[in-house]
Amino acid sequence: MLGSRPMVFRICLSNTSFVFLFFLFSLTQGHMQSANTLTDALFEQFYACIEEPYSQKTENELSKIKGRLTKIPSATLDAADLWHEIGLYYYGDLGAYEQALACFVAAQAIRKKIIHDPAHNDLARSAFMIGVCHKYLGNYDKAAKQVHSALAVSQKGQNHFMLSMEYLELGDIFDFLGDFDHSINCYERAYPHILKSTRDRASLLEDHFKRQAQAYLAKEKHHLALEKNRQAIKVCLDSIRPDLADRFHAEIADCYTNMNISFRAANQYDSAYWCLQQALKYYQKSSLVDIALNIGNVYNELGDLYMAKKQYATAIQNQQKAIKILHAYPKHRYLTFAYTSLGEAYLQSGEPEPALSFFRKALRILVPLFPSSVRSISTVK
């Protein structure tokens, strides 16, 4: 199916990539005061409202800010920057891609009117984030078009940091389409720009190796996936410093989670188990928001490991532990994976009734209102 990832129930795609983009594309810790007092006031209002945990009150405040932004008689680059920051908040903190997209489009429209330098980095940033949002909304042609547009800007300015990000993102779009050969090619094209980047080289390099590993894992080239995951882990361990520790600990854990899959495919169950224990250790060192999602996923992977060993009772215990953690995220794909794995464990252990129950729970996440939304199901006899 277009847009699905092969082995989607296997590959660990954590929320650390969202943190990476938000970290790299935020403007500053605070807005520099400008001559435009109205925009300055809106920036202050924005920073104040996102200090609190997300609530209806936060959304109401954001709506007011966006309303006032649209009414500014002559929009400035400060206004574009604020639209971009609001978009990053919707994207990074909430995963609300439609709202984020609208904000990035508003920022882009202003920047295109005012900026006449074809190599200006803000033009690339706008196009890039619009492309990322389209990717997560399933609009892959639009996503690729916007990222290519960003790439053209960055090539004019020889911005190696942005060129690295753009090639990595194009690779990810191909990855979503299941075209892993083109995906790997894009990741390789990012590599020389990563080496030349004067900004965040370690983060880019780790992301490069990890994305390559995920593509090789999907292609079931497990020896290459293991090699790239090990390279990603080494970059993280060699580059850890206090401001990167939370993110790099989570990235290391992601790599160990995926290495477990390669070892399991080779029936090297002891190595797979060791990797999952390492994953738990490193996730627990990280204070990233919603790291519990990844911890829950590790317990589900443990369940899958015990299921491969035909130890169904232990598999079920771990999958139930995963579900207990993941219940706090009722629409997340990891909960779908856990319900599906638990159903499979019951099915393989000869208990079809509870298996059917958990398969239905997984479907209700994937297909809201299941089974009432499905009029009829044809069975091949």
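Keep in mind it's a predicted model, so treat the numbers as computed, not measured.

K.L.:
Break down the environment of His327 for me, citing the residues and quoting the values.
P.N.:
Here His327 lies in the loop between α15 (312-326) and α16 (333-348). Setting aside chain neighbours within four positions, we find His327 in contact with Leu335 and Tyr339.

K.L.:
Can you tell me about the confidence of the model for the protein, naming the residues and giving the values?
P.N.:
Confidence along the protein averages 88 in pLDDT terms, with 87% of residues attaining 70 or more. When the elements of the protein are averaged for pLDDT, helix α1 (residues 16-25) gives the smallest value, 52, and helix α13 (residues 269-285) the largest, 98. Taken together, the stretch residues 374-381 has pLDDT below 50 and engages in zero contacts with residues farther than four places along the chain or on a different chain.

K.L.:
Before we move on, can you summarise a nonpolar patch on the surface with the specific residues and values?
P.N.:
Where nonpolar side chains cluster on the molecular surface, the patch consists of Leu363, Leu366 and Val367 and spans about 240 Å² of accessible area. Structurally, Leu366 is set in helix α17 (residues 352-366).

K.L.:
With reference to specific residues and values, describe unusual backbone geometry.
P.N.:
At Asp200, a position not held by glycine, the phi torsion is positive, near 50°. With respect to the secondary-structure elements, Asp200 resides in the loop between α9 (180-196) and α10 (201-218). Even without a glycine there, the phi angle at Asn267 is positive, about 60°. Mapped onto the secondary structure, Asn267 falls in the loop between α12 (245-265) and α13. Judged by relative accessible area, Asn267 falls into the exposed class, the value being 54%.

K.L.:
Outline the pattern of salt bridges, listing residues and values.
P.N.:
All told, the structure shown has 17 salt bridges when counted by the stated rule. A salt bridge links Lys64 to Glu61, with the nearest nitrogen and oxygen atoms 3.7 Å apart. Remark: Glu61 and Lys64 occur in helix α3 (residues 56-70); sequence separation between them is three residues, near one turn of the helix. A salt bridge links Asp243 to Arg241, with the shortest nitrogen-to-oxygen separation between them at 2.6 Å. Using a relative accessible area of 40% as the deciding quantity, one classes Arg241 as partly exposed. One salt-bridge network, held together by shared partners, links Lys135, Glu169, Asp172, Asp207 and Arg211.

K.L.:
How would you sum up the packing of aromatic side chains? Please name residues and give values.
P.N.:
For the structure on display, the rule yields 15 aromatic pairs. Between Phe46 and Tyr47, the ring centres sit 5.6 Å apart and the planes meet at 50°, which makes this aromatic pair tilted. Assigned by exposure class, Phe46 and Tyr47 land together as buried. Judged by centre distance (5.8 Å) and plane angle (55°), the ring pair of Tyr91 and Tyr97 falls under tilted. Under the relative-accessibility criterion, Tyr91 is labelled buried at 1%. Taking the relative accessible area as the measure of exposure, Tyr97 reaches 16% and is therefore buried. Of note, Arg199 hangs over the ring of Phe161, and the distance from its end group to the ring centre comes to 4.2 Å. Above the face of the Tyr334 ring, Arg333 is positioned so that its terminal group lies 5.0 Å from the ring centre.

Scoring rules and cut-offs
- Residues numbered from 1 in each chain as written.
- Predicted model: local features only at pLDDT ≥ 70, side-chain atom pairs only at ≥ 80, totals over all residues.
- Heavy atoms only, no water.
- Helix = DSSP H or I, 4+ residues; strand = E, 2+ residues; numbered from the N terminus.
- Contact = heavy atoms within 4.5 Å.
- pLDDT = per-residue confidence, 0-100.
- Patch = residues over 30% accessible without salt bridge, like charges linked within 9 Å, V, L, I, M, F, W, Y side chains within 5 Å.
- Areas by Shrake-Rupley, 256 points an atom, 1.4 Å probe, with all protein chains shown as cover.
- Salt bridge = Lys/Arg side-chain N within 4 Å of Asp/Glu carboxyl O.
- Buried < 20%, exposed > 50% of the residue type's maximum accessible area, 1.4 Å probe, protein only.
- Phe/Tyr/Trp six-rings, centres within 6.5 Å; stacked < 30°, edge-to-face > 60°.
- Lys NZ or Arg CZ within 6 Å of the ring centre and 35° of its normal.

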